[in-house]
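Single-letter residue listing:
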Amino acid sequence: MSPSLACIGGTAAYDLLRAGALVARRLGPQETPFGASQPIFQCESAAGEFLFLSRHGESGYDLAPTFVNYRANIYALKELGAQAVVSWSETRAISHNFKIGQYVIVDDLIDETTCRANTFFENQGLGVVRQWPVFCPTLRDAFGATLREERCAHSCGGVYVCVEGPRRETPAEARKFASYGGELIGMTLAPEVFLAKELQMCYASICYVASY
């Protein structure tokens with residue numbers, strides 16, 4: 001039976017693979033109608049098996065977020081049986097309500113990307129998908145329960161601004177994002193969360209505040 005849960009790793013996820021920190025069988029890149037996915041691993045844990053994919057590569061930071069093939073990654077996980085996706089993403093805080101080193105279970109998103117394929121339904125009359133809630137409430141609750149149990153400093157809400165990259169935002173851009181409610185800046189959750197929703201997959205992300 002294929003695992004129903006997939007994990008997408010963010011910055012430094014490849015270190016887990018290189019260090020052998022995961023008990024995993026390499027399934028490799030998966031061919032999809034949208035190109036090849038990043039290599040996928042089937043991992044074992046005390047709670048059961050899950051699929052694991054590192055966005056940026058399996059041996060190092062090979063791909064900046066703007067060049068990740070998000071459609072191939074999500075499609076491949078769905079084809080392998082995943083029904084839910086949990087991810088992590090490094091962020092920079094606009095709001096000083098968040099502290100460096102804190103985890104944030106984001107609950108909303110502003111998409112500022114400009115160059116990414118953001119739907120599976122190109123040139124079709126499909127894809128008009130409701131975006132509230134943006135992230136799966138059940139998975140977000142599970143994140144919250146786990147972080148409380150582990151006594152990790154965290155916040156159960158935050159507005160994530162996804163920028164195109166690979167450059168960082170200018171000071172004026174950061175002020176613009178803050179002016180319409182942005183609290184954290186990252187480069188990876190869009191279109192990832194939207195694509196998962198198009199394929200009827202639950203999706204939630206836990207973010208780590210790396211800097212202001």
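The coordinates are above.
First, a word on what this report is: a plain description of the structure on this page. All values reported here derive from a predicted model rather than from experimental measurement.

## What to know about the state of the cysteines
Thought 1: In total, this model carries 0 disulfides according to the counting rule given.
Thought 2: Its sulfur unpaired, Cys202 is 3.9 Å from the next cysteine sulfur, which belongs to Cys136.
Thought 3: For Cys202, a relative accessible area of 36% puts it in the partly exposed group.

## Considerations on unusual backbone geometry
Thought 1: Cis geometry marks the peptide bond from Trp132 to Pro133; its omega dihedral reads 0°.
Thought 2: Of note, Pro133 is situated in the loop between strand S9 (108–112) and helix H3 (137–149).
Thought 3: Here the residue pair Ala190 and Pro191 is connected by a cis peptide bond, since its omega of 5° sits within 30 degrees of zero.
Thought 4: Assignment of secondary structure puts Pro191 in helix H5 (residues 189–198).
Thought 5: For Arg151, which is not a glycine, the phi torsion comes out positive at approximately 55°.
Thought 6: Assignment of secondary structure puts Arg151 in the loop between H3 and strand S10 (154–155).

## Describing the packing of aromatic side chains
Thought 1: By the definition in use, this model includes 7 aromatic pairs.
Thought 2: Geometrically, the ring pair formed by Phe177 and Tyr180 is tilted, given 6.3 Å between the ring centres and 55° between the ring planes.
Thought 3: Linked through ring pairs, Phe34, Tyr75 and Phe120 together constitute an aromatic cluster.

## Side note on helix H2 (residues 70–79)
Thought 1: Burial of H2 is extensive: 7 of the 10 residues sit out of reach of the surface.
Thought 2: Those residues of H2 lying buried are Tyr70, Arg71, Ala72, Asn73, Ile74, Ala76 and Leu77.
Thought 3: Buried positions along H2 lie against strand S1 (5–9), strand S3 (31–32), strand S4 (35–36), strand S5 (40–44), strand S6 (50–54) and H5.
Thought 4: Immediately beyond the C-terminal end of H2, within one or two residues, lies Gly81, with a positive phi of roughly 105°.

## Observations regarding the pattern of salt bridges
Thought 1: Taken as a whole and assessed by the stated rule, the structure comprises 8 salt bridges.
Thought 2: The partner of Arg55 in a salt bridge is Glu192, with the nearest N and O atoms 2.9 Å apart. Of this pair, Arg55 sits in the loop between S6 and H2 while Glu192 sits in helix H5; the two residues are 137 residues apart in sequence, bridging distant segments of the chain.
Thought 3: In this structure Glu192 comes out as buried when scored by relative accessible area, which is 1%.
Thought 4: With a shortest N-O distance of 3.0 Å, Arg116 and Glu164 are connected by a salt bridge.

## Structural notes on the side chain of His56
Thought 1: With respect to the helices and strands, His56 occurs in the loop between S6 and H2.
Thought 2: Using a relative accessible area of 1% as the deciding quantity, one classes His56 as buried.
Thought 3: Among residues more than four places away in sequence, those in contact with His56 are Gly10, Thr11, Gln38, Tyr61, Asp62, Leu63, Ala64, Pro65, Val68 and Thr188.

Calculation criteria
Residues numbered from 1 in each chain as written. Predicted model: local features only at pLDDT ≥ 70, side-chain atom pairs only at ≥ 80, totals over all residues. Heavy atoms only, no water. Disulfide = S-S within 2.5 Å. Buried < 20%, exposed > 50% of the residue type's maximum accessible area, 1.4 Å probe, protein only. Helix = DSSP H or I, 4+ residues; strand = E, 2+ residues; numbered from the N terminus. Phe/Tyr/Trp six-rings, centres within 6.5 Å; stacked < 30°, edge-to-face > 60°. Contact = heavy atoms within 4.5 Å. Salt bridge = Lys/Arg side-chain N within 4 Å of Asp/Glu carboxyl O.

Remember, this is a structural readout, not a statement about activity or role.
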